[in-house]
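Chain by chain, the residues:
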Amino acid sequence: MRQPVPDPRPVRAEPGEADACGVAGTWVREYLCRPHPELGRSGPVCPYARRALDRGMVWAVTWPDCPADATAMTAIMAECLHWFERSTDPDQALLVLFPRLTAADHGLTIEGVQRRLKPAFVRRGLMIGEFHDGPPDVPGLHNPWFRPLRSPVPLLAVRHMVHSDLPFLQGDPEHLAAYRRFFPLRSSR
């Protein structure tokens with residue numbers, strides 16, 4: 001019998017919370033919402049995070065067990081997608097936390113599931129990101145030696161696509177076509 005996905009809860013980012021959601025909230029506030037000396041540009045690591053956090057639109061769900069495999073994690077993410085799509089708020093973000101995953105699981109599960117799901121999410125106007133303490137071997141846009149996707153808790157993050165996501169989608173014609181549906185080319189008159 002499949003375990004239901006727990007209800008997401010708002011990330012409050014209050015200092016001292018020791019559970020996975022509290023750790024993730026501190027990470028959002030202390031890492032994503034702040035500049036980093038290795039980022040290669042000014043501004044916070046994630047320009048999206050501060051507005052979402054300030055508006056109370058960052059939600060987290062902690063998956064209590066280690067998913068059996070990538071197929072199980074994909075099913076979990078499909079259920080989380082249904083929850084996420086009930087809101088049309090453009091600032092909403094959902095962190096799906098997998099605190100019981102080990103470092104050996106990061107590549108096949110967190111990174112593999114993100115690669116598997118990204119096309120379907122992008123077609124819906126959503127972005128899905130992979131984060132773990134490895135960190136994923138995805139370079140920063142402005143500093144190829146910086147690894148911005150480091151997090152203290154393995155997680156997959158879902159948010160609405162924004163205009164500035166183009167660099168993350170250019171390498172794939174299907175992703176680029178989906179992006180153009182949501183952000184059509186503007187005339188230069």
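A brief look at the structure comes next.

Analysis parameters
Residues numbered from 1 in each chain as written. Predicted model: local features only at pLDDT ≥ 70, side-chain atom pairs only at ≥ 80, totals over all residues. Heavy atoms only, no water. 1 Å grid on protein atoms, 1.4 Å probe; cavity = no way out; pocket = protein on both sides within 12 Å on 5 of 7 lines; lining within 4 Å. Points joined across faces, edges and corners; volume = space filled by probe spheres on them. Helix = DSSP H or I, 4+ residues; strand = E, 2+ residues; numbered from the N terminus. Nonpolar A, V, L, I, M, F, W, Y, C, P; charged D, E, K, R; others polar. Pairing = 2+ DSSP bridges. Buried < 20%, exposed > 50% of the residue type's maximum accessible area, 1.4 Å probe, protein only. Arc of directions from axis to C-beta. Contact = heavy atoms within 4.5 Å. Polar contact = N/O pair within 3.5 Å; in protein donor to acceptor, adjacent residues only side chain to side chain. Salt bridge = Lys/Arg side-chain N within 4 Å of Asp/Glu carboxyl O. Axes fitted to C-alpha atoms, helices over the stretch in contact; angles between N-to-C directions. Parallel < 35°, antiparallel > 145°, perpendicular 65-115°, else oblique. Left-handed = near helix turned anticlockwise from the far one by under 90°.

Before going further, it helps to examine the layout of surface pockets. Here the largest pocket is characterised by a volume of approximately 1,100 Å³. Contributing to the lining of the largest pocket are 39 residues, with F131, L149, R159, D165 and F168 lying nearest its centre. Listing elements by their share of the lining of the largest pocket, those giving two or more residues are α1 (20-32), α2 (49-54), β3 (93-97), α4 (106-123), β4 (126-131), β5 (155-160) and α5 (166-169). Take the lining of the largest pocket: its biggest share by element is five residues, from β4. Of the residues contributing to the lining of the largest pocket, the split by class is 27 nonpolar, five polar and seven charged.

This part takes up the sheet that holds β4. Spatially, the five strands line up as an open sheet ordered β1-β2-β3-β5-β4, and their pairing is mixed. Here the strands that pair on one side only, and so sit at the sheet edges, are β1 (9-10) and β4. Pairing geometry for β1 and strand β2 (residues 58-62), over two bridges, is antiparallel. Bridging across to β2, R9 finds its partner in A60.

Along β5, six of the six residues are buried, which leaves the element largely enclosed by surrounding structure. Along β5, one buried face is formed by L155, A157 and R159 and the opposite face, lined by L156, V158 and H160, is buried too. Pairing of β3 with β5 involves five bridges; the strand directions are antiparallel. Of the residues in β5, the one forming a bridge with V96 is L156. Taken together, the six bridges between β4 and β5 define a ladder with antiparallel strand orientation.

In an α-helix there are 3.6 residues to a turn, and that puts residues three or four apart on one side. Those residues of helix α6 (residues 173-182) that sit buried are H175, A178 and Y179. In a view along the axis of α6, the buried residues occupy a sector of 100 degrees, so they form one face of it. Residues P173, E174 and R181 are exposed on α6 and point more than 90 degrees away from its buried face. Contacts from the buried residues of α6 go to α4 and α5. A distance of 2.8 Å separates the backbone nitrogen of E174 from a side-chain oxygen at the start of α6, and that oxygen is part of D172.

Counting across every chain of the model gives nine salt bridges. Two residues, R55 and D89, come together in a salt bridge whose shortest N-O distance is 2.9 Å. Within this pair, whereas R55 is found in the loop between α2 and β2, its partner D89 is found in the loop between α3 (70-84) and β3, the two being separated by 34 residues in sequence. Since its relative accessible area comes to 16%, D89 is described here as buried. Taken together, the shared-partner salt bridges connect R51, R55, D89 and D91 into one network.

One can describe the packing of α4 onto α6 by two numbers: an axis separation of 8 Å at closest approach and a directional angle of 25 degrees. Between α4 and α6, the crossing angle belongs to the class labelled roughly parallel. Once α4 is placed against α6, the crossing between them reads as left-handed. On α6, the residues that touch K118, P119, V122 and R123 of α4 are E174, H175, A178, R181 and F182. Residues that form the contact of α4 with α6 fall into these classes: four nonpolar, one polar and four charged.

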